[in-house]
There are 2 protein chains.
Amino acid sequence: MVNVVKSDKSKGFSIGEVVKQTGLSAHTLRYYEKEGLLPFVTKNSSGLRVYTTTDLQWLSMIECLKDSGLQIKEIRQYIEWFRQGDSTLQQRLDLFANRRKVLEAEMARLQVVMNKITFKETLYTTAIKLGSLEAADNDKAIQRLKKKLFDSPDDFDKRIQEAG
Amino acid sequence: MVNVVKSDKSKGFSIGEVVKQTGLSAHTLRYYEKEGLLPFVTKNSSGLRVYTTTDLQWLSMIECLKDSGLQIKEIRQYIEWFRQGDSTLQQRLDLFANRRKVLEAEMARLQVVMNKITFKETLYTTAIKLGSLEAADNDKAIQRLKKKLFDSPDDFDKRIQEAG
DNA sequence: TCTTGACTTAGAGTTAGCTCTAGATAGTAT
DNA sequence: ATACTATCTAGAGCTAACTCTAAGTCAAGA
């Protein structure tokens, strides 16, 4: 009934099997390959792609690098460095060190946004309780919270309060 | 020498002044307006935009919502709710509550990525010290660290190790 | 043999969020 | 008067990362 492309597990996986394992679409897998992210994928005598366990490991690494905010072309650069061997260890270390710094900055940024959003959540909860946004804005507890959260010397909000 | 458009501070700011204050480009400010994010901006008798302090407050709010991951059309929706008054308090509260959940998930995700990147940084530091990536991979301390970080039951990396 | 379904390719289309261009106007400086 | 600068509009162009289309190949099942 079901027509499954068998790709002889000892030799690797078909693109359909990789789709199931990774959740990526076949389109995306071919796109990644065209962009140089999967330089190890081979084809069988019929022209079908055969993915090895190493290719799946690379897809996992690509996912990690993407999640860290790297662009496709930067991931390709990393893979090229990998293929060049130990002479590029320093470049790759630099890339990871830079990623860590970017991630740290991003997490700090998100924490600032989180504080603002949480304040708004409190503000609107109070507004619903009191019946209007204006009443909540004039609420003493809300004003104290706002002062506590945003009246630090270098916060932009000290000068320009957010609307809404 | 310098030709500054004077927009009578008591009545507001020119687009050039807003560019300086916000760091956004004039193109972007007009684009936001076209997309419905600045429905309060008026024009003077010459057809030039005049921004008020309220508009600057909205730009600050827009920045916050964008930073929280909201799309432009979702921000427009929020602004429409705001203009509709207290009858939409619940929708706005829901939006903020949802934002907080999304931000929490995003921060958790970033922490996972951070662990992986930090491991890679340690791995490559060791590789440079030992002279090759293979030597670092075989290093006992590295293997212990890898086991400690990634051998939890539901980590994908338990089954598919990352390459590179 | 015919059909089905998974695969192949080259290349076009999509989306978000800008970013820029061209040509016009209005006010200021020399 | 002339030049300069800031602004205006409509609409085209750009980038990243997909996402899809059309037309074709290939192997297995009824």
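About the criteria used
Residues numbered from 1 in each chain as written. Chains lettered and ligands numbered in written order. Predicted model: local features only at pLDDT ≥ 70, side-chain atom pairs only at ≥ 80, totals over all residues. Helix = DSSP H or I, 4+ residues; strand = E, 2+ residues; numbered from the N terminus. Buried ≥ 20, exposed ≤ 12 C-beta atoms within 10 Å, placed from the backbone. Contact = placed C-beta atoms within 7 Å. Least-squares fit on C-alpha atoms with pLDDT ≥ 70 in both. Expected span 1.5 Å × (residues − 1). Nonpolar A, V, L, I, M, F, W, Y, C, P; charged D, E, K, R; others polar. Axes fitted to C-alpha atoms, helices over the stretch in contact; angles between N-to-C directions. Parallel < 35°, antiparallel > 145°, perpendicular 65-115°, else oblique. pLDDT = per-residue confidence, 0-100.

Chemist: So what's going on with the overall build of chain A? Which residues, and what values?
Modeler: Scanning chain A for helices and strands turns up seven helices and two strands. Reading chain A from its N end, one meets helices and strands in the order α-α-β-β-α-α-α-α-α. Put simply, chain A has 164 residues, and 22% of those count as buried. In chain A, 40% of the contacts between residues at least 6 apart in sequence involve partners at least 24 apart.

Chemist: I'd love a proper account of the relation of the copies chain A and chain B, names of residues and values included.
Modeler: It takes a turn of 180° to lay chain A on chain B, together with a shift of 0.0 Å along the axis; the resulting RMSD is 0.1 Å. The relationship between the two copies is best expressed as a two-fold rotation axis. When C-alpha positions in chain A are compared against the rotation axis, the closest is assigned to Met-107 of chain A, at 3.2 Å. The residues that chain A uses at the interface reappear at the interface of chain B in 100% of cases, marking a shared surface.

Chemist: Which residues make up helix H5 (residues 89–130) of chain B, and what values go with them?
Modeler: Its 42 residues give H5 of chain B an end-to-end C-alpha distance of 61 Å, which sits within 8% of 62 Å, the value for a rise of 1.5 Å per residue. By the burial criterion, the buried members of H5 of chain B are Leu-89, Arg-92, Leu-95, Phe-96, Arg-99, Val-113, Lys-116, Ile-117, Lys-120, Leu-123, Tyr-124 and Ala-127 of chain B. Residues of H5 of chain B that are buried in the fold lie against helix H3 (53–67), helix H5 (89–130) and helix H6 (133–137) of chain A together with helix H4 (72–84), helix H6 (133–137) and helix H7 (140–150) of chain B. Just beyond H5 of chain B, the residue with positive phi is Gly-131 of chain B, at close to 100°.

Chemist: Talk me through the interface of chain A and chain B; I want residue IDs and the actual numbers.
Modeler: Chain A puts 45 residues into the contact, and the matching count from chain B is 45 residues. Mapped onto the side of chain A that touches chain B, the elements with two or more residues apiece are H3, helix H4 (72–84) and H5 of chain A. Considered class by class, the residues forming the side of chain A that touches chain B number 23 nonpolar, 10 polar and 12 charged.

Chemist: Describe the packing of H5 of chain B against H7 of chain B, and please don't skip the residues or the numbers.
Modeler: All names here are of chain B. Contact pair H5 / H7: the axes reach a minimum separation of 11 Å and the direction vectors enclose 175°. By the angle class used here, H5 and H7 are roughly antiparallel. Between H5 and H7, the contacting residues are Asn-115, Phe-119, Thr-122, Leu-123 and Thr-126 on the first element and Ile-142, Leu-145, Lys-146 and Leu-149 on the second. Here the residues of the contact of H5 with H7 are counted per class, giving five nonpolar, three polar and one charged.

Chemist: Give me the environment of Ala-108 of chain B: which residues, what numbers.
Modeler: Here Ala-108 of chain B lies in helix H5. Distance in space between the C-alpha atoms of Ala-108 of chain B and Gly-16 of chain B is 40 Å, their sequence separation being 92 residues.

Chemist: Describe the environment of Ser-25 of chain B, with residues and values.
Modeler: Tracing the backbone shows Ser-25 of chain B in the loop between helix H1 (15–22) and helix H2 (26–34). The exposure class of Ser-25 of chain B is exposed, given the 11 C-beta atoms found within 10 Å.

Chemist: Talk me through the confidence of the model for chain A; I want residue IDs and the actual numbers.
Modeler: In the predicted model, chain A carries a mean pLDDT of 91, and 88% of its residues have values of at least 70. Of the regions scoring below 50 in pLDDT, residues 154–158 of chain A engages in seven contacts with residues more than four places distant in sequence or in other chains.

Chemist: Before we move on, can you summarise the environment of Gly-164 of chain B with the specific residues and values?
Modeler: Mapped onto the elements, Gly-164 of chain B comes out in the segment after helix H8 (156–159). On the basis of neighbour count, Gly-164 of chain B is assigned to the partly exposed category, with 19 C-beta atoms found within 10 Å. Between the alpha carbons of Gly-164 of chain B and Glu-33 of chain B there is a distance of 46 Å; along the sequence they are 131 residues apart. Residues within four places of Gly-164 of chain B in sequence aside, it is in contact with Met-61, Tyr-78 and Phe-82 of chain A.

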